[in-house]
Amino acid sequence: MLQHTRQAAADGSAGPDPVSVPLAPVPLAEAILRLRRGEAVALADSAGRVAAYAAETVPAAALGRVAREGGVRVALTGFRAAALGVAQAGQSPEGESIVLVTLAQRPEGGTPTLAEIRALIDPTAPASDRPARARLAVEPAGGREAIAAAVALAKLAGLLPACVLAPADDSS
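Note that the structure is a prediction, hence the values are computed from the model and not measured.

Visitor: I keep staring at the overall build of the chain and nothing clicks. Help me out?
Guide: Looking only at helices and strands, the chain has five helices and 10 strands in total. Out of the 172 residues belonging to the chain, those deemed buried represent 48%. Considering only contacts in the chain between residues 6 or more positions apart, those separated by 24 or more positions represent 65%. As displayed, the chain has an accessible area near 7700 Å², and 56% of this comes from carbon and sulfur atoms.

Next comes the structure, spelled out in structure tokens:
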């Protein structure tokens with residue numbers, strides 16, 4: 001089930017907030033457009049809900065909220081993780097399996113930056129721009145269909161196959 005979340009910001013403008021807003025179903029085409037616009041799309045599977053931003057378009061404010069709510073987790077294909085040198089051999093199967101990369105705080109303090117996220121997922125970014133391996137924890141997504149669907153939606157949107165994940169509100 002595709003879902004999207006939106007909340008009015010303090011200034012009255014609408015802004016995505018995957019943490020505290022009920023989620024409503026949306027058509028596939030609308031979910032793709034929302035990812036392109038940097039908005040969150042929430043997906044559900046038998047293990048629960050997850051909200052996802054396309055890693056390529058996630059807004060800085062949303063990245064900050066995600067970091068405060070439980071750390072920055074990026075979902076990407078096992079093949080891409082291996083090609084980018086993020087996953088070590090044997091750490092995740094290659095192919096279309098999905099891995100989760102959790103980024104630790106920056107050494108000088110503070111949350112991961114947009115530049116770090118983009119360098120992590122972009123195969124054209126210099127390896128020197130990627131976060132240090134010591135700051136990355138890589139694990140398989142454990143067959144979570146919602147997370148795999150989020151990555152597939154990013155691909156359908158014509159974006160890099162990677163998503164920043166956030167907890168989604170379970171109140172609806």
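Visitor: For this particular structure, what's the right way to read the packing of helix α1 (residues 28-36) against helix α5 (residues 145-156)?
Guide: Contact geometry for α1 and α5: axes closest at 9 Å, N-to-C directions at 80°. Between α1 and α5, the angle is such that the two are roughly perpendicular. Across the interface between the two elements, L28, A31, I32, L35 and R36 from α1 touch L153, A154 and L156 from α5. When the residues that make up the contact of α1 with α5 are grouped by side-chain class, the tally is seven nonpolar, no polar and one charged.

Visitor: Looking at this structure, I do not really get the confidence of the model for the chain. What am I missing?
Guide: When pLDDT drops low, the exact placement of atoms in the prediction is not to be read closely. Within the chain, residue pLDDT values average 78, and 77% of them lie at 70 or more. Ranking the helices and strands of the chain by mean pLDDT puts α5 first, with 94, and strand β2 (residues 7-8) last, with 37.

Visitor: Looking at this structure, I do not really get the pattern of salt bridges. What am I missing?
Guide: Side chains that differ in charge, positive against negative, can pair when their charged atoms come close. According to the stated counting rule, one finds four salt bridges in the structure shown. R37 is the partner of E30 in a salt bridge, and the nearest nitrogen-oxygen pair spans 3.2 Å. Judged by relative accessible area, R37 falls into the partly exposed class, the value being 47%. A salt bridge links R144 to D45, with the nearest nitrogen and oxygen atoms 2.9 Å apart. Of this pair, R144 sits in the loop between β9 (136-140) and α5 while D45 sits in strand β5 (residues 41-45); the two residues are 99 residues apart in sequence, bridging distant segments of the chain. Looking at D45, the relative accessible area reads 14%, which means it is buried.

Visitor: Would you mind going over the nonpolar core with me for this structure?
Guide: Taken as a class, soluble globular proteins show a tendency for nonpolar side chains to be buried jointly. Within the largest apolar cluster, 30 residues are counted, with the highest numbers of intra-cluster contacts made by V74, L76, V86, V101, I117 and V164. Elements with a contribution of two residues or more to this core: β6 (48-54), α2 (60-70), β7 (72-77), β8 (98-103), α4 (114-121), β9 and β10 (162-167). If one sorts the elements of this core by residue count, α2 sits on top with four residues. Ignoring anything within four residues of it in the chain, the contact list for V164 reads A51, A52, Y53, A55, V58, L63, V66, V72, R73, V74 and I117. With 23 residues, the next largest nonpolar core counts A75, I98, L100 and L159 among its residues.

Basis of the calculations
- Residues numbered from 1 in each chain as written.
- Predicted model: local features only at pLDDT ≥ 70, side-chain atom pairs only at ≥ 80, totals over all residues.
- Heavy atoms only, no water.
- Helix = DSSP H or I, 4+ residues; strand = E, 2+ residues; numbered from the N terminus.
- Buried < 20%, exposed > 50% of the residue type's maximum accessible area, 1.4 Å probe, protein only.
- Contact = heavy atoms within 4.5 Å.
- Areas by Shrake-Rupley, 256 points an atom, 1.4 Å probe, with all protein chains shown as cover.
- Axes fitted to C-alpha atoms, helices over the stretch in contact; angles between N-to-C directions.
- Parallel < 35°, antiparallel > 145°, perpendicular 65-115°, else oblique.
- Nonpolar A, V, L, I, M, F, W, Y, C, P; charged D, E, K, R; others polar.
- pLDDT = per-residue confidence, 0-100.
- Salt bridge = Lys/Arg side-chain N within 4 Å of Asp/Glu carboxyl O.
- Core = buried A, V, L, I, M, F, W, Y, C linked by side-chain atoms within 4.5 Å.

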